[in-house]
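Structure assessment
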Amino acid sequence: MNETPVSLDDLEVFAIVAQSASLSAAHRATRIPLPTLSRRMASLERSLGRTLFQRGPNGYALTADGRSLANELVGLTDTRHRVARWQASQSARLPVRITAGFWTSRCLAQALLPKANRIWQPRFVPANTRLDMARREADVGIRNAPPDHAWLARQQLSSVQFAIYGMHGVSGFVASQADVPSQIWLYEHFSDDIRATANDPRLCLDLAEAGHGQIVLPTFVGDRLTTLARRSEPIPLKKSLISGRLFEVLV
């Protein structure tokens, strides 16, 4: 057995490969070229004197030794991230990555008061798709469903409803992509009355404020606007489709 200390970088990469079950998925997660990943995993096996993978057409399956090592490495990425945060805090504000949907991120940005003496730095990662909290893609996530991992700390914040907003006398609708529940509902009920579309939710709001059409918004956003008035009661759809609860996820 090679007695050279094993690289923590290689162990962290191994943990990602083990969780991904394929080099292609690990490549997407790490951006490490596939040939380099293959060489590093082979080198790690030589250093440990153990066979960690059963290589085959269906990916990299873990051997018994591989599963045992993967269990030992649970939390390694989290530890390295916390050390990096500690190191950064010695000379600069601690970055705290916050991810949420567009409208929630907008609301947070408006509510978060600037403070010159704050010891942490808000770093927004707005995304309607879920990020992998286990791989430290964000520190705080606010989502419309509880997290999948039971070991993540979570807290229910509030219920969310949607309604129609617009300027007086304006008909028709402004829509974005039908990839979130509110827009799916809009296309199902008013597809023939959509007057303008945009991929950017902020631009959709600009279009609505310019009178191009009405817009479907979360009530916690729309009720605060001075440019648009609520034109409907909360949309009466199944909760699984249009309304939900905001959950804060901390890791």
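Structure first, text after, so check above.
These remarks concern the structure in this document. Bear in mind the structure is a predicted one, so any value in this text is a computation, not a measurement.

Thresholds applied
- Residues numbered from 1 in each chain as written.
- Predicted model: local features only at pLDDT ≥ 70, side-chain atom pairs only at ≥ 80, totals over all residues.
- Heavy atoms only, no water.
- Axes fitted to C-alpha atoms, helices over the stretch in contact; angles between N-to-C directions.
- Helix = DSSP H or I, 4+ residues; strand = E, 2+ residues; numbered from the N terminus.
- Parallel < 35°, antiparallel > 145°, perpendicular 65-115°, else oblique.
- Left-handed = near helix turned anticlockwise from the far one by under 90°.
- Contact = heavy atoms within 4.5 Å.
- Pairing = 2+ DSSP bridges.
- Nonpolar A, V, L, I, M, F, W, Y, C, P; charged D, E, K, R; others polar.
- Salt bridge = Lys/Arg side-chain N within 4 Å of Asp/Glu carboxyl O.
- Buried < 20%, exposed > 50% of the residue type's maximum accessible area, 1.4 Å probe, protein only.

Topic: the packing of helix H1 (residues 8-20) against helix H2 (residues 23-30)
Between H1 and H2, the least distance of the axes is 8 Å, while the angle of their chain directions is 130°. With respect to their mutual orientation, H1 and H2 come out oblique. Seen from above, H1 lies across H2 with right-handed handedness. Across the interface between the two elements, Ile16, Val17 and Ser20 from H1 touch Leu23, Ala25, Ala26, Ala29 and Thr30 from H2.

Considering the sheet that holds strand E10 (residues 215-218)
One open sheet holds the 3 strands; their spatial order is E10-E7-E11, and the pairing between them is antiparallel. The open sheet has two free edges, formed respectively by E10 and strand E11 (229-230), since each of these has just one partner strand. As paired strands, strand E7 (residues 162-166) and E10 are joined by 4 bridges and run antiparallel to one another. Across the sheet, Tyr165 pairs through a bridge with Ile215, a residue of E10. Along the sheet, helix H7 (residues 181-190) makes contact with E7 and E10, crossing E10 at roughly 150°.

Here we look at the packing of helix H6 (residues 102-111) against helix H8 (residues 201-209)
Orientation of H6 relative to H8, taken along the N-to-C sense of each, is 80°, at an axis distance of 10 Å. Here H6 is positioned roughly perpendicular relative to H8, judged by the angle of their axes. Note on element contacts: H8 touches H6 through Pro201, Arg202 and Leu205, opposite Phe102, Trp103 and Arg106. Of the residues assigned to the contact of H6 with H8, the class counts are 4 nonpolar, no polar and 2 charged.

Here's the deal with the pattern of salt bridges
Opposite charge on two side chains makes pairing possible when the charged atoms of those side chains draw close. Applying the stated criterion across every chain yields a total of 7 salt bridges. For the salt bridge of Asp193 with Arg195, the shortest nitrogen-to-oxygen distance reads 3.0 Å. For Asp193, a relative accessible area of 25% corresponds to the partly exposed category. With a shortest N-O distance of 3.6 Å, Arg202 and Glu209 are connected by a salt bridge. Residue class for Glu209 comes out partly exposed when judged on its relative accessible area of 26%. The network of salt bridges with common partners includes Arg202, Asp206 and Glu209.

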